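# Tertiary structure, described
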Amino acid sequence: MLRALLVEDDLFFRRAVAHLLTIRFPGIVIEEAGDAEVALRKLAARRPDLAFVDIGLPNKNGFELTGEIKSMNVGVSVAVLSSHDTPEYREAALREGADWYICKTADTCRDQIIGCVASLSNQRQCLSV
């Protein structure tokens, strides 16, 4: 069973992603956080397999949070979510250890989010065989 943490301050977008993943991956366990502080508490309590992290968060930006997640939880994959598809943002996400960078305004956003979970799900199935 995969565990995901959605860190997004836009409640509508966060709930839409949670709904999408629950429909597509019925066994997934999803935690939600609207800011970095709540996310860090949830990370300390339960280590997810995957964290979706928005860049524009209250009290800490998503780049900083990604770096903290990577330093705290080796093995947690991170997908950075942003409305900005710029090389500078992509590079900043990679510098902090992000595994994926997903532009929320791209036509492929939905498929990329599903792809992140599917790739981890496939890895876990291969490891358990």
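Since the structure is predicted, the reported quantities are computational estimates derived from the model, not experimental observations.

Rules used in this analysis
Residues numbered from 1 in each chain as written. Predicted model: local features only at pLDDT ≥ 70, side-chain atom pairs only at ≥ 80, totals over all residues. Heavy atoms only, no water. Helix = DSSP H or I, 4+ residues; strand = E, 2+ residues; numbered from the N terminus. Rg over C-alpha atoms; globule rule 2.2 N^0.38 Å. Buried < 20%, exposed > 50% of the residue type's maximum accessible area, 1.4 Å probe, protein only. Contact = heavy atoms within 4.5 Å. Lys, Arg positive; Asp, Glu negative; His and termini not counted. Charge placed at Lys NZ, Arg CZ, Asp CG, Glu CD. Polar contact = N/O pair within 3.5 Å; in protein donor to acceptor, adjacent residues only side chain to side chain. Pairing = 2+ DSSP bridges. Right-handed = clockwise from strand over helix to strand, strands pointing away. Axes fitted to C-alpha atoms, helices over the stretch in contact; angles between N-to-C directions. Parallel < 35°, antiparallel > 145°, perpendicular 65-115°, else oblique. Nonpolar A, V, L, I, M, F, W, Y, C, P; charged D, E, K, R; others polar.

Let us now look at the overall build of the protein. Along the protein, the regular secondary structure elements total five helices and five strands. Along the chain direction, N to C, the helices and strands of the protein fall in the order β-α-β-α-β-α-β-α-β-α. Computed over its C-alpha atoms, the radius of gyration of the protein comes to 13 Å, within 12% of the 14 Å expected for a compact globule of 129 residues. In terms of overall dimensions, the protein has C-alpha extents of about 40 × 35 × 25 Å along its principal axes. Expressed as a percentage of the 129 residues in the protein, the buried residues total 45%. Considering only contacts within the protein whose residues lie at least 6 apart along the sequence, 62% involve residues at least 24 apart. Mean positive and mean negative side-chain charge positions of the protein (15 and 18 charges, respectively) differ by 8 Å.

The next thing to look at is the side chain of R14. Residue position: R14 is located in helix α1 (residues 11-24). Within the local environment of R14, its side chain forms a polar contact with the side chain of E32, the two groups lying 2.8 Å apart. For R14, the contacting residues outside a window of four places in its chain are L6, E8, D9, E32, A33 and G34.

This brings us to the pairing of strand β1 (residues 3-7). Across the five residues that make up β1, a large majority, four, are buried. One ladder, built from five bridges, connects β1 with strand β2 (residues 29-33); its direction is parallel. In the strand pairing of β2, A4 is matched with I30. Since β1 and β2 lie parallel, the crossover through α1 that links them has a hand, and here it is right-handed. Direction of pairing for β1 relative to strand β3 (residues 50-54): parallel, over a ladder of four bridges.

Attention now goes to the packing of helix α2 (residues 36-45) against helix α3 (residues 62-72). Contact geometry for α2 and α3: axes closest at 11 Å, N-to-C directions at 10°. It follows that α2 is roughly parallel to α3 by the angle criterion. Touching A36, A39, L40 and L43 of α2 are L65, E68, I69 and M72, all from α3. Its residues placed into classes, the contact of α2 with α3 shows seven nonpolar, no polar and one charged.

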